[in-house]
Protein chains: 2
Amino acid sequence: MIPQGILTTLSQSDEGGYNYDYATVPFLAETLTSSLATAKITTDWRSVRLFVIPSIIYLIHNNVQFATLTYVDTSTYQIMGNLKIVTTAILFRLFLKRKLSNLQWMAIGLLAVGTTTSQVKGCGEASCDSLFTAPIQGYLLGILSAGLSALAGIYTEFLMKRNNDSLYWQNLQLYTFGSLFNVARLLADDFRLGFEKGPWWQRIFDGYSITTWLVVLNLGSTGLLVSWLMKYADNIVKVYSTSMAMLLTMVASIYLFSFKPTVQLFLGIIICIMSLHMYFAPPQTLVDLPVTNEAHPKTLKQVIVEEKTDS
Amino acid sequence: MIPQGILTTLSQSDEGGYNYDYATVPFLAETLTSSLATAKITTDWRSVRLFVIPSIIYLIHNNVQFATLTYVDTSTYQIMGNLKIVTTAILFRLFLKRKLSNLQWMAIGLLAVGTTTSQVKGCGEASCDSLFTAPIQGYLLGILSAGLSALAGIYTEFLMKRNNDSLYWQNLQLYTFGSLFNVARLLADDFRLGFEKGPWWQRIFDGYSITTWLVVLNLGSTGLLVSWLMKYADNIVKVYSTSMAMLLTMVASIYLFSFKPTVQLFLGIIICIMSLHMYFAPPQTLVDLPVTNEAHPKTLKQVIVEEKTDS
């Protein structure tokens with residue numbers, strides 16, 4: 001996958017805005033994804049309604065996100081976004097009952113710290129005085145936003161893993177609801193503006209360039225990849241993939257858009273790689289375990305353990 | 001111990017300089033320390049000459065430090081100083097033959113990353129363009145400086161632990177040589193300036209205030225604490241103590257000198273605390289070990305293991 005941020009930036013006009021209606025992109029991506037997903041269909045129709053829930057959570061999340069941004073600036077918002085890593089792990093433990101070792105909890109914390117470190121504004125960059133000076137509501141909404149985002153991810157994993165339905169059929173359900181919600185959003189935008197630009201379906205491809213289509217394709221294929229991760233891996237794998245993709249995007253941006261490399265990006269990458277290793281490496285490769293019950297097989301013939309009473 | 005940086009800053013004159021000759025401070029601190037150290041004396045006189053080596057290493061280190069600063073600015077120098085954490089661990093392994101688990105190596109790396117993160121310049125602070133743009137000699141000298149500093153620490157630990165001499169007698173030897181080297185430095189300074197201000201012993205207490213004496217006392221007691229750590233703990237414990245003290249100093253400076261708290265200080269503290277826990281926590285509290293050879297004692301009476309041939 002090409003990191004979405006890079007493609008989106010490339011698809012901007014020279015003035016930095018979008019020539020096309022950005023709201024049409026997720027609609028097309030989700031429609032594309034759901035039409036790709038019609039290969040195998042099993043018939044557990046009763047569970048279809050469960051697939052509307054992620055779309056509802058994302059709808060609430062979008063509104064909370066909007067409300068958060070009225071209280072905090074975008075730098076603070078971006079840094080608070082890393083909370084999602086921690087809330088995902090907590091809901092992963094609570095709802096999916098997956099146990100993490102203490103070291104894995106520390107790895108999750110470090111991943112959030114690492115991605116945050118990479119985003120710390122360097123000297124000379126704008127909007128630094130405003131960091132963490134927002135009203136308390138901003139932070140509470142940020143935490144709520146992180147919780148909702150994690151909840152959508154965890155619920156999707158639950159949906160994808162709860163039965164043996166094919167990934168294609170599950171995707172169809174997931175992205176059909178996604179498409180419907182995006183249509184609703186486009187319609188709502190039209191009503192809000194009093195149809196002064198005409199209905200959305202008449203100007204859906206206005207201003208689309210090849211790069212815009214690449215953004216659509218990329219968003220759609222990312223959606224399919226995430227579904228695949230939810231079914232065959234888990235939310236933690238997704239969180240690591242997303243974080244690594246973000247760091248790769250930042251490194252690529254240094255070359256593509258001649259951004260200045262910062263010490264904090266370098267430190268963030270080291271922290272995240274260490275976190276990855278801490279989380280996924282087999283524990284016995286990380287720690288030297290106390291030697292218990294080890295002996296050369298040839299010297300081990302008969303062991304008699306006397307009966308003990310518990311103390 | 002009161003962090004030295006805070007006391008030193010407090011002992012400065014209002015113009016930010018020193019009213020006293022700063023070179024007299026380590027001399028007095030080491031003389032004070034060695035005179036405190038005369039309580040118990042054992043008589044392994046042959047080994048006295050070994051105690052001159054740390055002083056020689058520190059002398060070379062001071063000169064390398066001076067040379068490094070001609071190539072790099074102080075921000076880069078400060079950040080490179082964190083390399084000492086890694087070189088100490090490497091020499092600890094190589095010369096003292098102390099094995100670290102992979103997790104402990106990661107903890108050491110994280111500690112260096114954490115202290116560096118806390119020192120990353122925030123927006124609006126000066127001298128950020130110059131970071132990591134110095135000539136290659138600067139970095140090589142920085143690495144040499146980190147190596148020498150670690151070597152002095154590791155050698156001191158070897159000296160303190162090689163026999164059962166009392167800590168007092170070991171301190172006397174260590175700090176007598178330290179005092180002599182400082183006297184040599186004061187004399188060298190006098191010769192360099194052609195005695196225009198008179199010999200150092202005539203103006204040793206010129207400009208001393210109570211705070212200056214606190215700096216001397218603090219430096220002396222820190223020296224005794226480090227000796228104690230070298231004898232009864234080890235260099236890694238010292239490295240963690242120093243790093244935590246540095247972070248505490250930065251937090252205290254926020255209150256004492258109304259410095260602005262930065263996100264990177266907050267992140268650095270989290271990283272260092274995680275590193276501390278990773279290094280020192282018993283491994284079995286960090287990872288869930290695969291259950292091997294566990295059974296209820298009452299059901300375990302006799303175990304017969306058949307003889308196997310090695311495959």
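Residues numbered from 1 in each chain as written. Chains lettered and ligands numbered in written order. Predicted model: local features only at pLDDT ≥ 70, side-chain atom pairs only at ≥ 80, totals over all residues. Heavy atoms only, no water.

Looking at an unreviewed UniProt entry, one finds chain A named CMP-sialic acid transporter 1 and attributed to Brassica carinata. The Subcellular location (unreviewed entry) field of the UniProt record for chain A holds the comment "Membrane". (UniProt positions renumbered as here; feature names shortened; annotations may be inferred.)

Let's talk about the pattern of salt bridges
Taken as a whole and judged by the stated rule, the model has twelve salt bridges over all chains. For B:Arg98, the salt bridge identified is with B:Asp234, shortest N-O distance 3.0 Å. Here B:Asp234 lies in the loop between helix H9 (210-232) and helix H10 (235-256) and B:Arg98 lies in the loop between helix H5 (83-95) and helix H6 (102-119), a separation of 136 residues in the sequence. The class of B:Arg98 is partly exposed, set by a relative accessible area of 34%. Where salt bridges share partners, they join A:Arg98, A:Glu157, A:Lys161 and A:Asp234 into one cluster. (Salt bridge = Lys/Arg side-chain N within 4 Å of Asp/Glu carboxyl O. Helix = DSSP H or I, 4+ residues; strand = E, 2+ residues; numbered from the N terminus. Buried < 20%, exposed > 50% of the residue type's maximum accessible area, 1.4 Å probe, protein only.)

So, helix H5 (residues 83-95) of chain A
All names here are of chain A. Taking 1.5 Å per residue as the helical rise, H5 with its 13 residues ought to reach 18 Å, and the 18 Å between its terminal C-alpha atoms agrees with that figure. For H5, the set of buried residues is Ile85, Thr87, Thr88, Ala89, Leu91 and Phe92. Contact partners of the buried residues in H5: helix H6 (102-119), helix H7 (136-161), helix H10 (235-256) and helix H11 (263-280). Two residues or fewer after H5 comes lysine 97, characterised by a positive phi angle close to 55 degrees. (Expected span 1.5 Å × (residues − 1). Contact = heavy atoms within 4.5 Å.)

Section: unusual backbone geometry
All names here are of chain A. Unlike most non-glycine residues, lysine 97 shows phi in positive territory, near 55 degrees. Its location among the elements puts lysine 97 in the loop between H5 and H6. On the accessibility criterion, lysine 97 (63% relative accessible area) is exposed.

Things to note about a nonpolar patch on the surface
All names here are of chain A. The grouping of Leu32, Ile210, Leu214 and Leu217 at the surface amounts to a nonpolar patch, some 370 Å² of accessible area in total. With respect to the helices, strands and loops of the structure, leucine 32 is situated in helix H2 (residues 24-36). Of the residues examined, leucine 32 reaches a relative accessible area of 32% and is grouped as partly exposed. (Patch = residues over 30% accessible without salt bridge, like charges linked within 9 Å, V, L, I, M, F, W, Y side chains within 5 Å. Areas by Shrake-Rupley, 256 points an atom, 1.4 Å probe, with all protein chains shown as cover.)

With respect to the confidence of the model for chain A
Residues shown with low pLDDT carry predicted positions that ought not to be read at fine detail. Residue and element names in this part refer to chain A. Averaged over every residue, the pLDDT of chain A is 82; the share at 70 or more is 82%. When the criterion is pLDDT under 50, residues 294-300 qualifies, and its contacts beyond four places in sequence or with other chains add up to five contacts. The complex model carries a pTM of 0.78, and its ipTM stands at 0.76. (pLDDT = per-residue confidence, 0-100.)

Considering the nonpolar core
Formed by 64 residues in total, the largest nonpolar core has its most connected members in A:Met278 and B:Met278. When residues no more than four places from it in sequence are discounted, the contact partners of A:Met278 are A:Leu103, A:Met106, A:Ala107, A:Leu110, A:Leu286, B:Leu103, B:Met106 and B:Met278. Membership of the second largest hydrophobic core comes to 19 residues, among which are B:Val48, B:Ile57, B:Leu148 and B:Ala152. (Core = buried A, V, L, I, M, F, W, Y, C linked by side-chain atoms within 4.5 Å.)

Some details on the packing of aromatic side chains
Residues and elements named next belong to chain B. For the structure on display, the rule yields 18 aromatic pairs over all chains. Note on tryptophan 200 and tryptophan 201: the rings are 5.8 Å apart at their centroids and 85 degrees apart in plane angle, and the pair reads as edge-to-face. For tryptophan 200, a relative accessible area of 10% translates into the label buried. Ring geometry for phenylalanine 205 versus tryptophan 213: centroids 5.4 Å apart, planes at 40 degrees, classification tilted. (Phe/Tyr/Trp six-rings, centres within 6.5 Å; stacked < 30°, edge-to-face > 60°.)

Description of helix H9 (residues 210-232) of chain A
In this model, H9(A) (23 residues) spans 32 Å end to end at C-alpha, consistent with the 33 Å of a helix rising 1.5 Å per residue. All of the buried residues in H9(A) are A:Thr212, A:Val215, A:Val216, A:Asn218, A:Gly220, A:Gly223, A:Ser227, A:Leu229, A:Met230 and A:Lys231.

Section: the packing of helix H3 (residues 52-71) of chain A against H7(A)
The relative placement of two packed helices is expressed as an angle between their axes plus a distance between the axes. Residues and elements named next belong to chain A. Viewed as axis vectors pointing N to C, H3 and H7 meet at an angle of 165 degrees, and their least axial separation amounts to 9 Å. Taken as axis vectors, H3 and H7 run roughly antiparallel relative to one another. Classified by chirality, the crossing of H7 by H3 is left-handed. For the contact of H3 with H7, the class distribution of residues is 15 nonpolar, eight polar and no charged. (Axes fitted to C-alpha atoms, helices over the stretch in contact; angles between N-to-C directions. Parallel < 35°, antiparallel > 145°, perpendicular 65-115°, else oblique. Left-handed = near helix turned anticlockwise from the far one by under 90°. Nonpolar A, V, L, I, M, F, W, Y, C, P; charged D, E, K, R; others polar.)

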